[in-house]
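The chain contents come next:
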Amino acid sequence: MKSILRRIILLTQRETELIDITPTVQAEVERSGVRSGTVFVLSLHTTTGLTVNEGLPDLQQDIAGCLERLVPEDRPYRHARFLRSDGQMAINAPSHLRGALLGFQVFFPIEEGRMVSGARQTIYFVELDGPQERTYVIQILGE
Amino acid sequence: MKSILRRIILLTQRETELIDITPTVQAEVERSGVRSGTVFVLSLHTTTGLTVNEGLPDLQQDIAGCLERLVPEDRPYRHARFLRSDGQMAINAPSHLRGALLGFQVFFPIEEGRMVSGARQTIYFVELDGPQERTYVIQILGE
Amino acid sequence: MKSILRRIILLTQRETELIDITPTVQAEVERSGVRSGTVFVLSLHTTTGLTVNEGLPDLQQDIAGCLERLVPEDRPYRHARFLRSDGQMAINAPSHLRGALLGFQVFFPIEEGRMVSGARQTIYFVELDGPQERTYVIQILGE
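Summarised in this report is the structure supplied together with it. (Residues numbered from 1 in each chain as written. Chains lettered and ligands numbered in written order. Predicted model: local features only at pLDDT ≥ 70, side-chain atom pairs only at ≥ 80, totals over all residues. Heavy atoms only, no water.)

Let's talk about the packing of helix α2 (residues 57–70) of chain B against helix α3 (residues 93–102) of chain B
All names here are of chain B. Relative to each other, α2 and α3 sit at 120°, their axes nearing to 10 Å. Crossing geometry of α2 relative to α3 is assigned as right-handed. Each of Leu-67, Glu-68 and Leu-70 in α2 lies in contact with α3, whose residues at this interface are Arg-98, Leu-101 and Leu-102. Broken down by class, the residue content of the contact of α2 with α3 amounts to 4 nonpolar, no polar and 2 charged. (Axes fitted to C-alpha atoms, helices over the stretch in contact; angles between N-to-C directions. Helix = DSSP H or I, 4+ residues; strand = E, 2+ residues; numbered from the N terminus. Left-handed = near helix turned anticlockwise from the far one by under 90°. Contact = heavy atoms within 4.5 Å. Nonpolar A, V, L, I, M, F, W, Y, C, P; charged D, E, K, R; others polar.)

Right, dumping it as structure tokens:
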């Protein structure tokens, strides 16, 4: 059994941003030479999400808008204080909570060397507290 | 290591509908002959969900009702316009957003040829934009 | 390929409670001897969650508070009736719905015998209907 791990670095550009990472995931699956198995994709952060939806700009805006409506900026969060460990004020409770609602990891089967996914399924890395340098991981398990 | 993949087709009957797929998943695990490993279950669509909850009709209604309350029909979504690729108006932004909140994939370990899950854990395929023909995938990885 | 399964029992102390289980998961990965593979962590209940966020007490409170705000106690849920199977009134619809929004399972890659996760990623078992005895499963798949 092979286990191939790639760490992918993204420089996000905006505070909230959905980035289509499907081509990267598919390319890593094909490059791995794994014919059957599973590909796992996960963010290494707690103020980002990783999800699957249709690859349309209007839906990207609706997903961001839905998270902002369900977890508004202006509520009395506890995580809004000076953090000694960070040397600065914590002001990103909404980013953490939006990520918790959306989730941060997905997987897809691999069959005959190709990722099995639906025709409209686009994998999005979701920046919720940008712009920042971010890392996500693609793991390909199989043979 | 074996990787067994099944594509299961469902004809959903209603706009919103939770369908218990636990017996199908368990039967595929047993039929696979895999003694230890993992079973992955995922929807191939972006206006459906796939989740786990207790197998009670009243909870099915509460889950649907909760998603409809958190993502109401009558908001000014961006994904509400003529889609050239579909040849019709997009009117299902809420279906996409409800699926994003609920999630669309789950996994369970396999031990001694049986799926390891809690006594009350029922796997639901969740139609959010039906009725339609839908496909979900069961992958059994192990040996 | 090895598949190592551990069932971990927790006695939760409060109605809602986030319990950091990261050290247990990491210790099981190291104890397994698996050098490369994947670790899966999942709750066996339908009124709990399992998620990842930063390991800060104020965020634990914000996550609990967010779920309580999005799924309030005092709505007319259907799952609020005498359950013959339980011999008592069902009064925990909000616990089921909060768990559905949060999710109940996560995974991480294993590389060179260690779990691959972000510096701020803390794995939380989330009690949503406590106090109770709860079981979650750690499965380590790899070699």
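That shown, we press on.
Observations regarding the interface of chain B and chain A
Residue-level contacts link 33 residues of chain B with 33 residues of chain A. Summed over both sides, the interface between chain B and chain A buries roughly 2800 Å², with carbon and sulfur atoms accounting for 60% of that surface. Where chain B packs against chain A, one counts 1 salt bridge. One can count 12 residue pairs in polar contact (both at pLDDT 80 or more) joining chain B with chain A. Put simply, the parts of the chain that give the side of chain B that touches chain A at least two residues each are β1 (2–11), β3 (37–43), α3, β7 (105–111) and β10 (133–142) of chain B. Considering every element that reaches the side of chain B that touches chain A, the biggest residue donor is α3(B), with 5 residues. (Buried area = accessible area lost by both parts, 1.4 Å probe. Salt bridge = Lys/Arg side-chain N within 4 Å of Asp/Glu carboxyl O. Polar contact = N/O pair within 3.5 Å; in protein donor to acceptor, adjacent residues only side chain to side chain.)

So, α2(B)
A rise of 1.5 Å per residue sets the reference length of α2(B), with its 14 residues, at 20 Å; its end C-alpha atoms lie 20 Å apart and thus fit the reference within 8%. Along α2(B), the positions that sit buried rather than exposed are Asp58(B), Leu59(B), Asp62(B), Ile63(B), Ala64(B), Cys66(B), Leu67(B) and Leu70(B). Residues of α2(B) that are buried make contact with α2 (57–70) of chain A, β2 (17–20), β4 (48–53) and α3 of chain B together with α2 (57–70) and α3 (93–102) of chain C. (Expected span 1.5 Å × (residues − 1). Buried < 20%, exposed > 50% of the residue type's maximum accessible area, 1.4 Å probe, protein only.)

Regarding the nonpolar core
In this structure, Ile21(A), Val39(A), Ile21(B), Val39(B), Ile21(C) and Val39(C) are the most contacted members of the largest nonpolar core, which totals 90 residues. When neighbours within four sequence positions are excluded, Val39(A) is seen to be in contact with Val25(A), Val29(A), Val106(A), Phe107(A), Phe108(A), Ile110(A), Met115(A), Ile138(A), Gln139(A) and Ile140(A). (Core = buried A, V, L, I, M, F, W, Y, C linked by side-chain atoms within 4.5 Å.)

Here's the deal with the packing of aromatic side chains
Throughout the structure, instances matching the rule amount to 18 aromatic pairs over all chains. A ring pair is formed by Phe125(B) and Tyr136(B), whose centres lie 5.9 Å apart and whose planes are at 35°; its orientation type is tilted. A residue pair is termed long-range when its members are at least 10 positions apart, and Phe125(B) in strand β9 (residues 122–127) and Tyr136(B) in strand β10 qualify at 11 residues. Given the relative accessible area of 1%, Tyr136(B) is considered buried. Grouping aromatic residues by their ring pairs yields a cluster made of Phe40(A), Phe107(A), Phe40(B), Phe107(B), Phe40(C) and Phe107(C). (Phe/Tyr/Trp six-rings, centres within 6.5 Å; stacked < 30°, edge-to-face > 60°.)

Observations regarding the relation of the copies chain B and chain A
By a simple turn and slide, chain B fits onto chain A: the slide is 0.0 Å along the axis, the RMSD is 0.0 Å, and the turn is 120°. Here the symmetry operator amounts to a three-fold rotation axis. Minimal C-alpha distance to the rotation axis in chain B is attained by Leu101(B), lying at 3.6 Å. (Least-squares fit on C-alpha atoms with pLDDT ≥ 70 in both.)

A closer look at the interface of chain B and chain C
Listed as interface residues are 33 residues of chain B and, on the opposing side, 33 residues of chain C. Between chain B and chain C, a total of about 2800 Å² is buried, with carbon and sulfur atoms accounting for 61% of that surface. Its largest share of buried area at the contact with chain C, chain B owes to Asp62(B), Arg69(B) and Phe107(B), together 21% of the area lost on that side. Counting across the chain B and chain C interface gives 1 salt bridge. When the shortest N-O distance is used, the salt bridge between Glu111(B) and Arg7(C) registers 2.7 Å. Inspection of the chain B/chain C interface yields 12 residue pairs in polar contact (both at pLDDT 80 or more). Elements that contribute at least two residues to the side of chain B that touches chain C include exactly β3, β4, α2, α3 and β7 of chain B.

Comments concerning the pattern of salt bridges
Across all of its chains, the model carries 21 salt bridges over all chains by this definition. Between Glu127(A) and Arg134(A) there is a salt bridge, and its shortest N-O distance comes to 2.8 Å. Note on accessibility: Glu127(A) and Arg134(A) belong to one class, buried. When the shortest N-O distance is used, the salt bridge between Arg6(B) and Glu28(B) registers 2.8 Å. A residue pair is termed long-range when its members are at least 10 positions apart, and Arg6(B) in strand β1 and Glu28(B) in helix α1 (residues 22–32) qualify at 22 residues.

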